[in-house]
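Structural description and commentary
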Amino acid sequence: MDDVVIIGAGPVGLMLACELSLTGARPVVLDKRAEPGQTPKANGLGGQIIDLLEHRGLLERLSADSPFCGIPPGFPFGSVPLRFSAVGDIPLRMLMIAQPRLERLLRERAAELGVSIRWGHELASLTQDESGVSAQGAGFSLRAHYAVGCDGGGSRVRERMGIGFPGTTDEEELWIGHFTADAETGVFDHPRLAGLEPGWNRTPAGRILAASLQPGVHIVGVREKHRHPAGPVTIAGFRAAVHRVLGDDLPLGEPIWLSRTSAQARLADHYRTGRVFLAGDAAHLFPAGGSALNVGMMDAVNLGWKLSATLVGRGPEHLLGTYESERRPAAERALLQTRAQAALDRLGQEEGEALRTLLTEVFAYEQPLRHMAALLHGSDLPYGTAAHPLAGRLLPGLRLTTDAGERRLAASMRRGRPVLLDLGCEARLGDDAHSWIDVVRARCDDAPADALLVRPDGIVAWAGSDGLATAAEEWFAPRAHP
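From a predicted model like this one, the values you see are computed outputs, not experimental measurements.

1. Re unusual backbone geometry
Located in the positive-phi region is aspartate 65, a residue other than glycine, with phi close to 70°. Along the chain, aspartate 65 turns up in the loop between α3 (59-63) and β4 (69-70).

Right, dumping it as structure tokens:
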């Protein structure tokens, strides 16, 4: 019997599999595709997941050969520019990485941890009882303690569990394509062709995107209210969409990847039913802003340690319930800001220009700009309520001095275990706790508290000098096996 069956081998499912395996759980990943995909659905990561990848020692691997990893100088919030270079130190970091490469590197990490990924395994049925879940499809039948649907917006897991997915579908249709660029055909060799500038350009018939995220490849997008029946996307259809919106042709070059979709804003009615959970796009869809991978992979990290703790009998009865109580508000917050981005981008004519001009003026001030950075980072909404301002928030990047020399606390999070950081108060745990909580005793010039108890997902569970035993019991109390 497997510990967890994960449906979907995208970034969220792979991240969850790595988190589970890191702490000794036995996940198996099923994917209906015959082999890994090469579709560049996303081109980067941003937000708190960058900090968590650093905690796991994965950021250096993922950022190798990346054209950018760090604090972005700016960000297009809808069509309103956020100029972060004006304020300097903000929590938001971004990493440019195409989704196929991200998935490949996560698969490599999963293989190092012994994860089994089974391609060509399309889920047909998923049932559960008091002792576990059963997943079945053509040629396979699996039994596991828990199941997690990481199978995207059309999630079969969500469908089989009867979980509602209310929301809206944008009236506009989005065409997006990646094309080879060279001196003869590259859009960016003619940046003002037909009045185009890099980024989204408005026309009376819609909007045109011209962008480039890596040498030799440019991205062209078209937004229009013209609707098409379902079917394959062709280069002829793409060129026709460009002409309808622009009133002219563009030198697109050879297509690498073409897609047509309509943005959706949706949130699952709940994230859990019994032993079955949802994560990533299966639980939420955002209409704009590049938040999907940040929120989805953070779902995986949050759920991973809680499932692992429950499987080994180290977690209170309420622990699995905190997955939804913590992550659903995070998705609601992301849905709020991405809906605002979509509205800003969609609103046209004089009203739209007036709103965008006014917000550009507002976001030029430091405090609104910092607020927007925290919003995009995902750190403006802490988990729960607590007396100490650090509790419920992601661990700050502290520089420590230990007997072995200087180190960053992130280096102590590699194993995916809880960490007690003692900064001079001689915090004490019971003898049993030392087998499952790592203790780091250090000095810190800018210590935010006498001691910190940090969950495996990097969230501060407790900070201060009193109440450590109570906090440890709240999050890591022994319990019966599932």
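The rest of the description comes next.
2. A word on the pattern of salt bridges
In this structure the tally under the stated criterion is 30 salt bridges. Note that aspartate 345 and arginine 223 form a salt bridge whose closest N and O atoms lie 3.8 Å from each other. With aspartate 345 in helix α8 (residues 321-346) and arginine 223 in strand β16 (residues 217-224), this pair connects stretches of sequence that are 122 residues apart. Residues aspartate 345 and arginine 223 agree in their burial class; the two are buried.

3. Focus on the sheet that holds strand β3 (residues 44-46)
Taking strand neighbours across the sheet as the criterion, the 3 strands line up as β3-β7-β4 in an open arrangement whose pairing is antiparallel. One side of each edge strand has no neighbouring strand; the edge strands of this open sheet are β3 and β4. In this structure, β4 lies alongside strand β7 (residues 94-96), joined through 2 bridges in antiparallel fashion. The residue bridging cysteine 69 from the neighbouring strand is leucine 95, located in β7.

4. Things to note about the packing of aromatic side chains
Applying the stated criterion to the full structure yields 9 aromatic pairs. Pairing phenylalanine 77 with phenylalanine 363 gives two aromatic rings, centres 6.4 Å apart and planes at 85°, and the pair type is edge-to-face. Of this pair, phenylalanine 77 sits in strand β5 (residues 75-77) while phenylalanine 363 sits in the loop between α9 (349-362) and α10 (366-377), and the two are 286 residues apart along the sequence. The residues phenylalanine 77 and phenylalanine 363 share a single accessibility class, namely buried. Judged by centre distance (5.8 Å) and plane angle (50°), the rings of tyrosine 271 and tyrosine 323 are tilted. Of this pair, tyrosine 271 sits in the loop between β18 (264-267) and β19 (272-273) while tyrosine 323 sits in helix α8; the two residues are 52 residues apart in sequence, bridging distant segments of the chain. Residue tyrosine 271 shares its accessibility class with tyrosine 323, and that shared class is buried. Through pairs of rings, three or more aromatic residues link up here, namely Tyr146, Tyr271, Phe277 and Tyr323. Taking the ring centre of tyrosine 146 as reference, the NZ or CZ of arginine 275 above it sits at 5.1 Å.

Criteria and thresholds
- Residues numbered from 1 in each chain as written.
- Predicted model: local features only at pLDDT ≥ 70, side-chain atom pairs only at ≥ 80, totals over all residues.
- Heavy atoms only, no water.
- Helix = DSSP H or I, 4+ residues; strand = E, 2+ residues; numbered from the N terminus.
- Salt bridge = Lys/Arg side-chain N within 4 Å of Asp/Glu carboxyl O.
- Buried < 20%, exposed > 50% of the residue type's maximum accessible area, 1.4 Å probe, protein only.
- Pairing = 2+ DSSP bridges.
- Phe/Tyr/Trp six-rings, centres within 6.5 Å; stacked < 30°, edge-to-face > 60°.
- Lys NZ or Arg CZ within 6 Å of the ring centre and 35° of its normal.

In short, the description is geometric, and any link to function would need to be established separately.
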